[in-house]
Each structure stands twice: as structure tokens, then as C-alpha cells.
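Now for the letters of each chain:
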Amino acid sequence: MPVLLAGKMAKTSFHIDKLNISINGLEELCFLIYTYPLVALDAVLSKELAQWIEESQLGGELAAKLKEGFKTGDSPENMLLYILQSTNYLTNAELRGFVQEAVGIRRYSESGLLRETGRMYYRLGLYQLAYAKLEESVSNLEEEIKHAKDELELISKRNEKSDVLCDMVAVCMLRFDEVKAVKLLDLSEQTGRFKRAEEYRYLITGEAFLSEEEKEALDIKRKRLETTVREKRQCRKIKELPAKDPVKLLKDAGEILCEWKKEYRKTG
């Protein structure tokens, strides 16, 4: 991306309710679109955004183009591209790359679009929104499974459903909900045995149909993660708490853990 990022700033921020963030200029908007395009399609692109661009005098031509796009039913991916093209935020190569990504987005099935949007929310750290999208994807896949044209499509859709359920397991683990995670693994295994589901089950329960070598590799991975967690600022704060007053120690530790969970979950 070019170094030139300091464009005109709006006097009034545009608040994106779903993401609970505010943007102040087209460069910030372009960063969000380029980095998280499916999130931008799901939570950012709107008639209200076009109105804000117009009222903030960030780009009258762009605002008019977006408003016309909403009126005529232009594709949302095209409208994101209009925004990206309105600034010097991206290089020509990056713009071409985004065009290719937009083409890929249009090829997703409904369940696939929901799945990839959920995964993008997950990468953004918005786990509640991620889980909701993944849950919608599973619901759509169940319908697609019912109407599968042949055995090959049936197997493919079942595999995809298991994979999305595992994505939901990953969200549950980050939200410290192992009970729900195990229930989702049970649902996943109803479609067959999959290595990813077995790995999650082993990490949660210590039991799975895996080889000893595979279990050992997961144990090593878990120890690395535990070491990383112990080095987090909140863990160090707990270690440094004075142990003279047990009641105060528990209270202070509880407050730090609550702070940690809030930061870690980022449920949006």
C-alpha cells in the first residue's frame, strides 16, 4: 500500500454499529474494505455510508456513484471497488488483486459466503458475529445436503458441514465454552470421522482416535500455547500480586481474569 494515507478527515465520524468502531476518512474505510472485504459487505456498505461520504464532503462523485448503485442494484463488490478506486490508498497491483478477490466472492454458494464471512469475523476477533455467521452456514448446508444431486455432492456437503462445525468449536474454545464445543464435535462426527474434529476432541477431552505421534504433536503445540499465555501481561500481573491478604488476592486476581476474558473474547 502507498505511504500516502493522510487524506481529508470528516468532521463527524461514521459509526459502524455492528463492529462498534468509527471511521473518520476514506483511507480508514479503504483499509477495512481491503483487509476484511466480506466484513465490509456484511456490516459496512450501506446507504447511510454513502450519505456520510456526501455530507462529510469526502467525495461527491463517489457518493453519487454509490447512491446510484443502490438504486439500480449494482453488485456490492463493485461498490466496494468504487470506494477503493476513489483514493490513492492502494497500488494498481493491489486493486487488480481485489478485483480477482471480488470475482471469487461472487462464486461462493450462499453457505460458502456465510462460512467465509464468519471466518473473517473470527480473524477480526469478533467471535460472537463469527459464530452467528457460521451457524447460519450450517443451517444452509443442511438444506443443501437434503437436495444434493448425487452421492459425490452429498459427501462434499457433509464434509463442508463438519468443517464449519469445527470452526464453531474453535470459537467456543476461545470463549471458554468447552461444553458447547464438545456438543458441536458430536454433531460433526454424525457426518463421519474427520481428523480436525478428532484433534479438537483430544485438545478438549484428552481422548480421540489419533495415533500416538499425532497426539504427541498436539501436546507440543498445546505446551507452546500455554507458555505464550503465561507470558501475557495479565498473567504476569497475577503472579506479581502480593499474597499477604488472601481475600484481596482473590478479588484482584478475579478482576484481572475478567479483564483478560473481555480482551480475549472480543465479542463485539
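No experiment lies behind these values; they were computed from the predicted model shown.

(A) Region of interest: the side chain of Lys-133. By the element assignment, Lys-133 lies in helix α8 (residues 127-146). A residue is classified by how much of its surface remains accessible, and Lys-133, at 12% relative accessible area, is buried. When residues no more than four places from it in sequence are discounted, the contact partners of Lys-133 are Lys-18, Asp-42, Leu-114, Thr-117, Gly-118 and Tyr-121.

(B) Summary view of the environment of Asp-150. Among the secondary structure elements, Asp-150 is positioned in the loop between α8 and α9 (151-174). In this structure Asp-150 comes out as partly exposed when scored by relative accessible area, which is 44%. Engagement of the side chain of Asp-150 in a polar contact is seen with the backbone nitrogen of Glu-153, the distance being 2.8 Å.

(C) Molecular detail of the packing of aromatic side chains. Using the criterion set out here, one finds two aromatic pairs in the structure. With centroids separated by 5.5 Å and ring planes inclined at 35 degrees, the aromatic side chains of Phe-14 and Trp-52 adopt a geometry described as tilted. Placement of Phe-14 in strand β1 (residues 9-16) and of Trp-52 in helix α3 (residues 47-55) is noted, with a sequence separation of 38 residues between them. The pair Phe-14 / Trp-52 is uniform in exposure class, with both members buried. The ring of Tyr-82 has Lys-65 lying over it, and the distance from NZ or CZ to the ring centre is 4.5 Å.

About the thresholds
- Residue positions are given per chain, counting from 1 as you read along its sequence in written order.
- Restriction of local features to residues with pLDDT of at least 70 applies here, the model being predicted, together with a cutoff of 80 or more for giving and counting side-chain atom pairs; totals for whole chains, interfaces and linings are based on all residues.
- The side-chain quantities take in all heavy atoms of the structure and omit both hydrogens and water.
- Where helices and strands are cited, they refer to DSSP runs of H or I of at least four residues and of E of at least two residues respectively, numbered from the N terminus.
- Only protein chains enter the calculation, and the probe is 1.4 Å; a residue is then buried if its accessible area is under 20% of its type maximum, exposed if over 50%, and partly exposed in between.
- Note on contacts: a residue pair qualifies if any of its non-hydrogen atoms lie within 4.5 Å across the two residues.
- Any pair of nitrogen or oxygen atoms within 3.5 Å is treated as a polar contact; in protein, a donor-acceptor pairing is required on top of that, and neighbouring residues in sequence qualify only through side-chain atoms on both sides.
- Pairing of aromatic side chains requires ring centres within 6.5 Å, counting the rings of Phe and Tyr and the six-membered ring of Trp. Pairs whose planes differ by under 30 degrees are stacked, by over 60 edge-to-face, and all others tilted.
- Cation placement over rings: the criterion is NZ of Lys or CZ of Arg within 6 Å of the ring centroid and within 35° of the ring normal.

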